[in-house]
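# Coordinates in review
Each chain is listed here by its residues.
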Amino acid sequence: MSKEKIESLLFVCNYNSVRSPIAECLAKDIFGDRVFIDSIGIQEELLEINPFAISVMEEAGLILLNHKPKHFEDLNDTSFDLIICLSAEAEEKMKSLTRGYDIKIELWETDDPSGVKGNRENIMSAFREMRDELKTRIEERL
């Protein structure tokens, strides 16, 4: 089975501070400039990039430090071939924002590791697990 051709891809989560920026960074690493890739958050108040997200991406040799959280309205172009929502809330919001658009939306329910408590290693482990899960899903789906 051949995979559909995706030229533009948007990852969406709640705050654009952990899941969607990690997915964006991983996908850009995999696809380079062959696919336009971006990420956004849906909450009114977005959060700065999570320091643990920066750390787990650095472990993978990728830079996330310069990521700036943004909303759908902040995008220069809102025509995407595929929108991947990493939470049910993001999926609901994107369905309402893109009503009337010819855009495929998929839900990849992904746990937000920023709620994990404990020592640094426990937290880093949760972030690594989420990063690796997203990488696998991106490679398999796209």
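Residues numbered from 1 in each chain as written. Predicted model: local features only at pLDDT ≥ 70, side-chain atom pairs only at ≥ 80, totals over all residues. Heavy atoms only, no water.

### Some thoughts on the pairing of strand β4 (residues 104-107)
By the bridge criterion, four bridges tie strand β3 (residues 82-85) to β4 in an arrangement that is parallel. Pairing of Ile84 across the sheet is with Glu106, part of β4. (Pairing = 2+ DSSP bridges. Helix = DSSP H or I, 4+ residues; strand = E, 2+ residues; numbered from the N terminus.)

### Here we look at the packing of aromatic side chains
Scanning all chains against the criterion turns up four aromatic pairs. Where Phe52 meets Phe127, the ring centres are 5.7 Å apart and the plane angle is 35 degrees; that geometry is what we call tilted. In this pair, Phe52 is assigned in helix α2 (residues 51-59) and Phe127 in helix α4 (residues 120-141), connecting sequence segments 75 residues apart. Both residues of the pair, Phe52 and Phe127, belong to the buried class. (Phe/Tyr/Trp six-rings, centres within 6.5 Å; stacked < 30°, edge-to-face > 60°. Buried < 20%, exposed > 50% of the residue type's maximum accessible area, 1.4 Å probe, protein only.)

### Examining the pattern of salt bridges
Any two side chains of opposite charge can pair, on the condition that their charged atoms come close. If you walk through the whole model with that rule in mind, you get nine salt bridges. Across the pair Glu59 and Arg131 runs a salt bridge whose closest N-O atoms are separated by 3.5 Å. In this pair, Glu59 sits in helix α2 while Arg131 sits in helix α4, placing the two residues 72 residues apart along the sequence. Given a relative accessible area of 10%, Arg131 falls into the buried group. A salt bridge links Glu121 to Arg128; the nearest nitrogen and oxygen atoms lie 2.8 Å apart. With relative accessibility at 47%, the residue Glu121 sits in the partly exposed group. (Salt bridge = Lys/Arg side-chain N within 4 Å of Asp/Glu carboxyl O.)

### Focus on the sheet that holds β3
In spatial order, the strands read β2-β1-β3-β4; together these four strands make up an open sheet with parallel pairing. Either end of the sheet is taken by a strand with one partner, and the two such strands are β2 (36-41) and β4. Direction aside, the axes of adjacent strands within the sheet are offset by 20 degrees on average. Pairing geometry for strand β1 (residues 8-13) and β2, over six bridges, is parallel. (Axes fitted to C-alpha atoms, helices over the stretch in contact; angles between N-to-C directions.)

### Details of the side chain of His71
Note on placement: His71 falls in the loop between α2 and β3. At a separation of 3.3 Å, a polar atom in the side chain of His71 contacts the main-chain carbonyl oxygen of Glu44. Ignoring anything within four residues of it in the chain, the contact list for His71 reads Ile40, Gly41, Gln43, Glu44 and Leu46. (Polar contact = N/O pair within 3.5 Å; in protein donor to acceptor, adjacent residues only side chain to side chain. Contact = heavy atoms within 4.5 Å.)

### Quick notes on helix α1 (residues 19-31)
Between its first and last C-alpha, α1 extends 18 Å over 13 residues, near the 18 Å set by a 1.5 Å rise per residue. With respect to burial, α1 is a largely interior element, ten of its 13 residues being buried. Taken together, the buried positions of α1 are Arg19, Ser20, Pro21, Ile22, Ala23, Glu24, Cys25, Leu26, Ala27 and Phe31. Trailing α1 by a residue or two, Gly32 shows a phi angle of about 60 degrees, which is positive. (Expected span 1.5 Å × (residues − 1).)

### Some words on the environment of Met94
Following the sequence through the fold, Met94 ends up in helix α3 (residues 88-97). Classification of Met94 as buried rests on a relative accessible area of 0%. Each C-alpha atom of the pair Met94 and Ile84 lies 9.5 Å from the other, and the pair is ten residues apart in sequence. Apart from the residues within four sequence positions on either side, Met94 is in contact with Leu10, Val12, Ile40, Phe72, Ile83, Cys85 and Ile105.

Remember that the coordinates give geometry; whether it matters functionally is a separate question.
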